[in-house]
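Examination of the molecular architecture
The lines below spell out each chain.
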Amino acid sequence: MRKGLDQIRAARAYEAAQTLAPLEKGDFVTMAQNLPAMLQINGLLAGWAFLLVKQKKQPGAGRILGTILSHLRERVLGLRVPVGSPDAVFRHWVGSDSRQQPNLSGSDLRRLTAECIAFSAWLKRAAETVRED
């Protein structure tokens, strides 16, 4: 029997939460709890940029970026999510400098954002189970 999309999202989110290093747990839980609302209000690019800044001091933020990036690379049909660090992917999406055109169309950005919001809801649920442990 084939897994449904929500089952795939849930499995990946719970796997990420269960394999956290001790230093990542607190940050991961806090960031994951706020992630769905942050993405809905600010969008993918602003939320991604926020997490990029936070990952320098909060390892859980970096873990969330890596988890989302891994999910997008494996899940989103028809969208090529570039290989590289979360920072390199962000620069690819927006264009690396002000003269370069973004490498992501508006419709692709909307599709990526919708998938990130759906996946982030599962990350939030998974983080809540880690918090309770």
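As a starting point, this report considers the structure included with it. (Residues numbered from 1 in each chain as written. Predicted model: local features only at pLDDT ≥ 70, side-chain atom pairs only at ≥ 80, totals over all residues. Heavy atoms only, no water.)

**A word on the packing of aromatic side chains**
Under the defined criterion, the tally for this structure stands at 1 aromatic pair. Taking the centre distance of 5.1 Å and the plane angle of 65° together, the rings of W48 and W93 count as edge-to-face. In this pair, W48 sits in helix 2 (residues 22–54) while W93 sits in helix 4 (residues 86–94), placing the two residues 45 residues apart along the sequence. With relative accessibility at 2%, the residue W48 sits in the buried group. One Lys or Arg, R125, reaches over the ring of W122 and ends 4.5 Å from the middle of that ring. (Phe/Tyr/Trp six-rings, centres within 6.5 Å; stacked < 30°, edge-to-face > 60°. Helix = DSSP H or I, 4+ residues; strand = E, 2+ residues; numbered from the N terminus. Buried < 20%, exposed > 50% of the residue type's maximum accessible area, 1.4 Å probe, protein only. Lys NZ or Arg CZ within 6 Å of the ring centre and 35° of its normal.)

**Thoughts on the environment of L5**
Its place among the elements puts L5 in helix 1 (residues 5–18). C-alpha of L5 to C-alpha of Q18: the two residues are 13 residues apart in sequence and 20 Å apart in space. In this structure, L5 is in contact with R75 and E115, ignoring residues within four places of it in sequence. (Contact = heavy atoms within 4.5 Å.)

**Quick notes on the packing of helix 3 (residues 59–75) against helix 4**
Two elements in contact, helix 3 and helix 4, have axes whose closest approach is 10 Å; the angle formed by their N-to-C orientations is 60°. Here helix 3 lies oblique to helix 4, going by the angle between them. Contact residues: L65, L69, L72 and R73 in helix 3; P86, V89 and W93 in helix 4. In the contact of helix 3 with helix 4, the residues fall into 6 nonpolar, no polar and 1 charged. (Axes fitted to C-alpha atoms, helices over the stretch in contact; angles between N-to-C directions. Parallel < 35°, antiparallel > 145°, perpendicular 65-115°, else oblique. Nonpolar A, V, L, I, M, F, W, Y, C, P; charged D, E, K, R; others polar.)

**Digging into the pattern of salt bridges**
For the structure shown, the criterion picks out 6 salt bridges. Here E74 and R12 are joined by a salt bridge, their closest N and O atoms 2.9 Å apart. Within this pair, whereas E74 is found in helix 3, its partner R12 is found in helix 1, the two being separated by 62 residues in sequence. The partner of E24 in a salt bridge is R63, and the shortest N-O contact between them spans 2.9 Å. Residue E24 is located in helix 2, and its partner R63 is located in helix 3; the two are separated by 39 residues in the primary sequence. Take E24: its relative accessible area is 15%, and that puts it in the buried class. Among the charged side chains, a salt-bridge network with shared partners connects D6, R9 and E115. (Salt bridge = Lys/Arg side-chain N within 4 Å of Asp/Glu carboxyl O.)

Interpretation in functional terms is not warranted from these geometric data alone.
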